[in-house]
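# Coordinate analysis (summary)
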Amino acid sequence: MSEEKVARDIETRKVQKLGSSSLFITLPKKWINKWSIKPGDKVILEALDDGSLRLIAEKAKTNAGKKTILVDADSLKQPLINIIPCLYILGFDEIVFETKKDFTKKDFEDILYISKHLVGAEVVENSEKKIKLECLLDTEKVGVESLLRRILNIISKRIDEVSKFLTNSNLAHQSAITNADDLRKIYLMLLRRIIGNKYQSSSMEYYRNSFILLNISILINIDYIVSKIYEIRGNFNISPNHTDMLKSIFTSINDVLDEIVMSVLFPSVKRISNGFNLISQIRQNFIKIKDSLPNSFSLYLEDLVNLLENALNNSMCGIFLEDLPWIEKDLTA
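Residues numbered from 1 in each chain as written. Predicted model: local features only at pLDDT ≥ 70, side-chain atom pairs only at ≥ 80, totals over all residues. Heavy atoms only, no water.

## Considerations on the overall build of the chain
In terms of helices and strands, the chain carries 10 helices and eight strands. The buried share of the chain, taken over its 333 residues, is 38%. Restricting to contacts in the chain with at least 6 residues of sequence separation, those with at least 24 account for 69%. When the accessible surface of the chain is split by element, carbon and sulfur atoms take 52% of a total near 20,100 Å². (Helix = DSSP H or I, 4+ residues; strand = E, 2+ residues; numbered from the N terminus. Buried < 20%, exposed > 50% of the residue type's maximum accessible area, 1.4 Å probe, protein only. Contact = heavy atoms within 4.5 Å. Areas by Shrake-Rupley, 256 points an atom, 1.4 Å probe, with all protein chains shown as cover.)

Here is the structure:
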């Protein structure tokens with residue numbers, strides 16, 4: 001478990017009299033806000049041998065492990081719609097926005113809109129002064145491998161559709177557009193799974209997750225470039241010979257993507273070597289047909305191959321986290 005710093009707020013409160021014999025003190029406002037204490041809520045009083053009295057919000061018992069954040073919306077310098085995905089990624093299970101000015105209809109519409117694009121997020125309370133979201137997704141039960149495979153499948157499908165479009169530019173444009181919203185939802189789920197992890201992982205898993213974070217950003221950029229390639233494909237003609245070469249290139253691109261994802265999950269010298277060999281083949285084939293392609297198409301394709309190489313380099317780093325016989329460990333550690 002990660003070691004958390006506990007901030008101790010110490011203050012003095014005067015004991016007051018209620019009625020003929022009862023004594024009382026008021027509860028600290030900061031503590032009330034943190035646990036959303038309301039009239040009628042129960043608190044647990046625990047008398048300790050050292051004379052101290054421990055006060056526990058019953059909600060703290062039922063919400064053990066839940067990450068909650070209270071945000072003063074009046075002090076924010078960014079729109080709520082930009083803030084929420086960040087808090088979602090950081091692993092907060094309950095996000096509460098409060099204001100003294102009243103939330104507008106647009107504020108609520110924006111929060112409702114963004115919550116629908118975050119898996120497991122739901123607006124559970126909405127008033128003029130307060131909006132609360134709950135993130136019901138337990139990312140600890142969602143495997144990193146499963147999410148990475150889903151991202152890979154979405155991008156691979158788009159590449160396959162581009163490959164089909166190369167031989168038939170009359171295909172309906174909509175048929176090749178993979179749901180970008182689904183890709184972003186899974187992308188944010190994966191970020192939440194890694195960055196918002198509530199438990200301390202081993203150093204090996206920490207570095208492995210770092211390489212995954214680097215690569216998923218590259219994969220999102222690859223998907224964007226592939227979508228642009230698809231958009232401009234219908235604006236020019238390609239000879240049958242060059243079409244076959246391009247189809248071969250996109251098939252190899254899909255194969256490299258598979259090696260990138262699998263090798264970052266399961267470090268493999270063989271997969272890395274195969275990935276670099278495929279990239280070399282892609283570049284050789286691309287040179288043969290580059291002059292027959294529009295400049296914009298060529299630039300996109302070059303960017304795509306460079307991104308593949310960068311991602312494969314990231315995946316390769318995982319090999320050195322393994323106890324392989326040919327690796328001489330860092331003797332300076």
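## Some thoughts on the pattern of salt bridges
Following the criterion strictly, the structure yields 11 salt bridges and no others. Between D93 and R192 there is a salt bridge, with the nearest N and O atoms lying 3.2 Å from each other. Of this pair, D93 sits in the loop between helix 3 (80-89) and strand 6 (94-98) while R192 sits in helix 6 (residues 180-195), and the two are 99 residues apart along the sequence. A salt bridge links E94 to K132, with the nearest nitrogen and oxygen atoms 3.7 Å apart. With E94 in strand 6 and K132 in strand 8 (residues 130-135), this residue pair connects regions lying 38 residues apart in the sequence. Of the two residues examined, E94 and K132, each falls in the buried class. If you follow the salt bridges from partner to partner, you end up with D258, E259 and R271 in one network. (Salt bridge = Lys/Arg side-chain N within 4 Å of Asp/Glu carboxyl O.)

## Here we look at the sheet that holds strand 6
A sheet is described by the order of its strands in space; here four strands give the open sequence 5-6-8-7, paired in mixed fashion. Two strands bound the open sheet, and with one partner strand each, they are strand 5 (68-72) and strand 7 (121-126). Taken over all neighbouring pairs, the strand axes of this sheet differ in orientation by 20 degrees on average, direction set aside. Here strand 5 pairs with strand 6 via five bridges, running parallel. Following the sheet pairing, V71 is matched in strand 6 by F97. Lying over the sheet, helix 4 (residues 105-115) contacts strand 6, strand 7 and strand 8, oriented at roughly 155 degrees with respect to strand 7. (Pairing = 2+ DSSP bridges. Axes fitted to C-alpha atoms, helices over the stretch in contact; angles between N-to-C directions.)

## Some details on helix 6
Compared with an ideal rise of 1.5 Å per residue, which puts 16 residues at 22 Å, helix 6 spans 22 Å between its outermost C-alpha atoms and is within 8% of the ideal. Among the residues of helix 6, L183, I186, Y187, L188, M189, L190, L191, R192, R193 and I194 are the ones counted as buried. (Expected span 1.5 Å × (residues − 1).)

## Re the environment of G275
You can see G275 is positioned in helix 9 (residues 269-289). Of the residues examined, G275 reaches a relative accessible area of 0% and is grouped as buried. It is 5.9 Å that separates the C-alpha atoms of G275 and E259, two residues lying 16 residues apart in sequence. With residues up to four places along the chain from it excluded, the contact list for G275 reads V256, E259 and L312.

## Let's talk about the packing of aromatic side chains
For any pair of aromatic rings, the description consists of the separation of the ring centres together with the inter-plane angle of the planes. Taken as a whole and assessed by the stated rule, the structure comprises one aromatic pair. Ring plane angle 75 degrees and centroid distance 5.4 Å describe the contact between Y206 and Y207, whose orientation is recorded as edge-to-face. The class of Y206 is exposed, set by a relative accessible area of 52%. Taking the relative accessible area as the measure of exposure, Y207 reaches 42% and is therefore partly exposed. Over the ring of F92 we find K67; its NZ or CZ atom is 5.0 Å from the centre of that ring. The ring of Y88 is capped by R192, whose NZ or CZ atom sits 4.8 Å from the centre of that ring. (Phe/Tyr/Trp six-rings, centres within 6.5 Å; stacked < 30°, edge-to-face > 60°. Lys NZ or Arg CZ within 6 Å of the ring centre and 35° of its normal.)

Read these as layout, nothing more, since geometry by itself doesn't imply function.
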